[in-house]
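# Structural description and commentary
Residues per chain are reported as follows:
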Amino acid sequence: MSAHCQVLGTKPGFGNSISHSHRRTKRRWDPNIQKKRYWVGSLGRHVTLRVSAKGIKTIDRRGIEVVVAEILARGEKV
């Protein structure tokens, strides 16, 4: 299960964890991915998306119909 948002395309960020003694170890910052189920009237069915918390806010602002149309235009399976 990848940490990738279907709406915004957000992926993990990579960097270093720095301890008190300044030793560095690799780490990653995962986006807050949630599985969310939406009703899409134009398709006549429910759609389950893997979206970040920011992606959910984007859907609330722009509407699920517009967002799903963009995902389908990119060629992603919904």
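Higher on the page you've got the structure.
Below is a summary of the structure that appears in this document. (Residues numbered from 1 in each chain as written. Predicted model: local features only at pLDDT ≥ 70, side-chain atom pairs only at ≥ 80, totals over all residues. Heavy atoms only, no water.)

## Examining the packing of aromatic side chains
Within this structure, the stated rule accounts for zero aromatic pairs. Above the face of the Y38 ring, K36 is positioned so that its terminal group lies 5.4 Å from the ring centre. (Phe/Tyr/Trp six-rings, centres within 6.5 Å; stacked < 30°, edge-to-face > 60°. Lys NZ or Arg CZ within 6 Å of the ring centre and 35° of its normal.)

## Topic: the pairing of strand β1 (residues 13-18)
Looking at chain direction, β1 and strand β2 (residues 24-29) are connected through six bridges and run antiparallel. Each residue of the ladder has a partner; that of G13, found in β2, is W29. The turn joining β1 and β2, which pair antiparallel and follow one another in sequence, is formed by five residues; a positive phi near 75° is taken by H22. (Pairing = 2+ DSSP bridges. Helix = DSSP H or I, 4+ residues; strand = E, 2+ residues; numbered from the N terminus.)

## Considerations on the pattern of salt bridges
By the definition in use, this model includes three salt bridges. For E70, the salt bridge goes to R62, with nearest N and O atoms at 2.4 Å. With its nearest N and O atoms 3.2 Å apart, the salt bridge here joins R74 to E76. (Salt bridge = Lys/Arg side-chain N within 4 Å of Asp/Glu carboxyl O.)

## Observations concerning the nonpolar core
Ranked by internal contacts, the top residues of the largest apolar core, which has 15 residues, are V7, Y38, L49, V51, I59 and I64. Broken down by secondary-structure element, the contributors of at least two residues to this core are β3 (33-40), β4 (45-52), α1 (53-62) and α2 (64-73). Considering every element that reaches this core, the biggest residue donor is α2, with four residues. Among all residues touching I59, those that are not within four sequence positions of it are V7, Y38, L49, V51, I64 and V67. (Core = buried A, V, L, I, M, F, W, Y, C linked by side-chain atoms within 4.5 Å. Buried < 20%, exposed > 50% of the residue type's maximum accessible area, 1.4 Å probe, protein only. Contact = heavy atoms within 4.5 Å.)

## Points about unusual backbone geometry
The phi dihedral of H22 falls on the positive side, at around 75°, and the residue is not glycine. As for its placement among the helices and strands, H22 is situated in the loop between β1 and β2.

## Details of the side chain of S52
Here S52 shows up in strand β4. Since its relative accessible area comes to 5%, S52 is described here as buried. In this structure, S52 is in contact with C5, L8, T10, N32 and I33, ignoring residues within four places of it in sequence.

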